[in-house]
Amino acid sequence: MIRYLLKRVASGIALLCLVSTVTFMMVFGATGNVARNILGENATAEQVTALNSRLGLDRPLMVQFGDWVSHAIRGDLGPSWTMSESVASALASRLPVTLSMVTIAVAMMALLSAMLGIAAAVRGGWADRAIQIVSVAGFAMPNFWLGLLLVLTFSVQLGWLPATGYVSFGASPSAWAASLVLPVTALVLSGIASASQQIRGAVIDALKQDYVRTLRARGVSPRSVLYRHALRNAMPAALTVLSVQFIALLGGAAVIERVFAIPGMGSLTVSAALIGDVPVLMGVVVTLIIVVVLVNILIDFLNAWANPKVRMS
Amino acid sequence: MRNRLILSALTAAFLSVPPIAQAEVGNSPETLALAGILDNDTFDRAGLSIGHRAQYWMPVFDTLLYTAPDGKTMPNLATEWRFNGDGTELTLKLREGVKFTDGTPFNAEAVKANIEYLRDGVGQNTWMAGAVKSVEIVGPAELKLHLKEPDPGMLFNLATVGGAMASPATLGKADSKMLPVGSGPYIYDTARSVTGRQYVYKRNPDYWNAGAFPFETMTITPINDLSARMNALKSGQVDAGAGEGQVVTEAEASKLTVSRLPVDWLGLFLSDRDGKMVKALSDVRVRRALNMAFDEKAILKFVARGYGEVTDQPFVPPSEAFDPSLDGTYQYAPKAARALLAEAGYPNGFSVTMPDIGTLAPYTPIITQQLKDIGVTVNWVKVPPNVTIAELLSGKYPMFLFRLGSQSPWADFNKFAFANSPWNTSKAKDEKLEALLKKAQYTPPGKEQNAAMQAANRYMVENAFFAPWFRIDSIYISNAQVKVQMQAQNIVPWPRNYAPAK
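Since we're looking at a predicted model, the values are computed, not measured.

**Quick notes on the overall build of chain B**
Turning to step 1, where the next piece is worked out: Secondary structure summary: chain B contains 14 helices and 19 strands in total.
Turning to step 2, where the next piece is worked out: Since a compact globule built from 502 residues should have a radius of gyration of about 23 Å, the 25 Å found for chain B is in line with a globular shape.
Turning to step 3, where the next piece is worked out: Dimensions along the principal axes, computed over C-alpha positions, put chain B at roughly 85 × 75 × 45 Å.
Turning to step 4, where the next piece is worked out: Within chain B, contacts between residues separated by at least 24 positions form 69% of all contacts whose residues are at least 6 apart in sequence.

If you want it as structure tokens, here you go:
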């Protein structure tokens, strides 16, 4: 198991190096207009050249890359070109915002999709059809549209929840929770369909297996068959879907962050891309890859914990 | 048991993510809560901006002068000012007894340090001190700015970024980008502010003019998305924020107040007046024909929802260069435009390459169609949003559509009228215009100088340097808790333009 984990960590590091290099070459190769964006329309050509030189953009690309890598491996992602804070500081204030939103959304999604998927698989009939219709309806509704609908209803009309913004947990746990209710609900409702369908299918498959028939023949209670045996076998498929959902939400949070004016990684990425703040973009890429690798390792752990077959393999 | 332990560990790990900072100061009657379109980029004195971002630094950094909502220059930290005869010396008398919030006294030394720091620094508005050759300290409360040449925009500059006063002790310090220290009506509350999330300002108890700023606290929350901004306004999270034409009906239906004032103008920049890329554009008849090709009234009504005023000049009132008699110089007349083109030797029209800018995309098909009607074919080149300004300024395009903000007339002339002006993208030189501008520059401020600037404006209109369509209204939305006065020559009001409604 440890060897397997070490392999996963090594492949994660390789992925990090590869994606960072490709991203660097793509974005640093197109920094010709950054100084002009920073200095504005009234800057002279001399001022633009001087800023390019100050930012080190007049050096060969490989020298810039070497410089960036040597700092990055020491944890120094450098200063932002357009913001007053360093890249690390910008990431430190935005990552918890997005992570808290996405983590809670995925946890809620896991819970609800497990309930719906199991109910649909076990009960069948009209319950199955109803759950499928509800899940597919959620899938058909884009999360930004759901978000707008939720804001209009619960913030503007009823005044129960904040329409925009994010409050740190440390500032006020209740305000923190209130600021996350609507964005998380929008993410959960639109993402629950695929996970619940996957769980439904996996549970139906598991319940058809020979060992389930044997367990039933031995008089094991239906509850135990479902939760102790069938669900454990169905878990890898569900976990895989949830990990994909987590990664998709992490990357796609920009839309929901925009709707709720949440200052997270998505909005940071969009603003950095629009003005060409390459150090911030590189910081975002590196951070997201690390999170993705960690999530995948965590999923492997959970799979191994849930299913002995995975441990054996 | 084991499962519970794992669940507990995961929960603890999640909850132990340290709160990076506290934020979200709620709105209240004592608080002025604003929504900003753009996030603040810096508090560094040399990097300050006008436009949307002025709202972030103005609470902290008081200015030497200020512009009233109608655009009139008013005394502030400088109580008196006087130009010498040829406009190359500006004497300022300073308010006495003012201190920065770190205890540093405000005096002539502080002004000199600020102006020199801006002039020699890196930022979008260093040009505002660019004309200053040297600063002479006459006394603790008096100084003279020696200018390289007369700068008719100097007073406007000193009322905005050029006159912003930061504590000299902070100039050039690394942390001054995030921790502003000034002598203004508010103190930046670092404990309750979170960069990118919410900026909080508390009243400066020692401010000399507290009555002009009635709110105890001010907050600015960056909300870039228009729908999110509207939702924050409608739910009372913020008191005021910038709007756009498409939400005016919704705002009014929600009992919000909509204020409007033209600040920008939209139109075509006919840059290649030397005909280096498109020979036809060197002929003034062709450029006039282009001015007659567009049905600006219909475009304003149906695309910009009527929030603006049709114009033919690149200045917006109350700019001293604005001349109301110039509006109406060119009427929509495609037949007459075709005749002018034929007279200029282009009976079959010509082709021109224009940049397709995402933010102005609704106008692209209109330009294509209305220019086609007079025989001009447009080849569009897509321009990515992150390089729009750089691409336009590069001089690649013989003409382009753009929305430009209007400020002081001299700042505007410097933007687009001189051979080296950034928005004279083809660097076309016109000696007659430069003579008119020189006359305006060297005429003492007052009616004569205004007339000279209007003459330069008239020359540009008659020679069709641009094909302006309309002045665009800045739309600003506020709730019933605050009264807002729009600010001439800035897209959002200054912080002093807000007051409680009751």
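**Points about the confidence of the model for chain B**
Turning to step 1, where the next piece is worked out: Taken over all residues, the pLDDT of chain B has a mean of 93, while the share at 70 or more is 95%.
Turning to step 2, where the next piece is worked out: In the predicted complex, the global pTM is 0.89; the interface-specific ipTM is 0.84.

**Some details on the environment of Leu5(A)**
Turning to step 1, where the next piece is worked out: With respect to the secondary-structure elements, Leu5(A) resides in helix α1 (residues 2-28).
Turning to step 2, where the next piece is worked out: Residues Leu5(A) and Leu298(A), spaced 293 residues apart in sequence, show a C-alpha to C-alpha distance of 10.0 Å.

**Let's talk about the sheet that holds strand β5 (residues 89-94) of chain B**
Residues and elements named next belong to chain B.
Turning to step 1, where the next piece is worked out: With respect to topology, four strands assemble into an open sheet ordered β4-β5-β7-β6, the strand pairing being antiparallel. Both outer strands of the open sheet, β4 (78-83) and β6 (132-139), are each paired with one neighbouring strand and no more. Sheet twist, expressed as the mean angle between neighbouring strand axes with direction ignored, is 20 degrees.
Turning to step 2, where the next piece is worked out: In this structure, β5 lies alongside strand β7 (residues 142-147), joined through five bridges in antiparallel fashion. Bridging from a neighbouring strand, threonine 91 pairs with lysine 144 of β7.

**Quick look at the interface of chain B and chain A**
Turning to step 1, where the next piece is worked out: The partner chain A presents 42 residues to the 39 residues of chain B that form the contact.
Turning to step 2, where the next piece is worked out: Among the secondary structure elements, those contributing two or more residues to the side of chain B that touches chain A are α5 (226-234) and α11 (388-393) of chain B.
Turning to step 3, where the next piece is worked out: Considering each element in turn, the side of chain B that touches chain A owes the most residues, five residues, to α5(B).
Turning to step 4, where the next piece is worked out: Among the residues forming the side of chain B that touches chain A, the class breakdown is 21 nonpolar, 11 polar and seven charged.

**Topic: the pairing of strand β9 (residues 199-203) of chain B**
Residue and element names in this part refer to chain B.
Turning to step 1, where the next piece is worked out: Where strand β8 (residues 186-188) lies against β9, three bridges are found, and the strand directions are antiparallel. What sits directly across from isoleucine 187, in β9, is lysine 202.
Turning to step 2, where the next piece is worked out: As paired elements, β9 and strand β10 (residues 217-222) share four bridges and run antiparallel to each other. When the sheet's bridge partners are listed, tyrosine 201 is paired in β10 with methionine 218.

The rules behind these values
- Residues numbered from 1 in each chain as written.
- Chains lettered and ligands numbered in written order.
- Predicted model: local features only at pLDDT ≥ 70, side-chain atom pairs only at ≥ 80, totals over all residues.
- Helix = DSSP H or I, 4+ residues; strand = E, 2+ residues; numbered from the N terminus.
- Rg over C-alpha atoms; globule rule 2.2 N^0.38 Å.
- Contact = placed C-beta atoms within 7 Å.
- pLDDT = per-residue confidence, 0-100.
- Pairing = 2+ DSSP bridges.
- Axes fitted to C-alpha atoms, helices over the stretch in contact; angles between N-to-C directions.
- Nonpolar A, V, L, I, M, F, W, Y, C, P; charged D, E, K, R; others polar.

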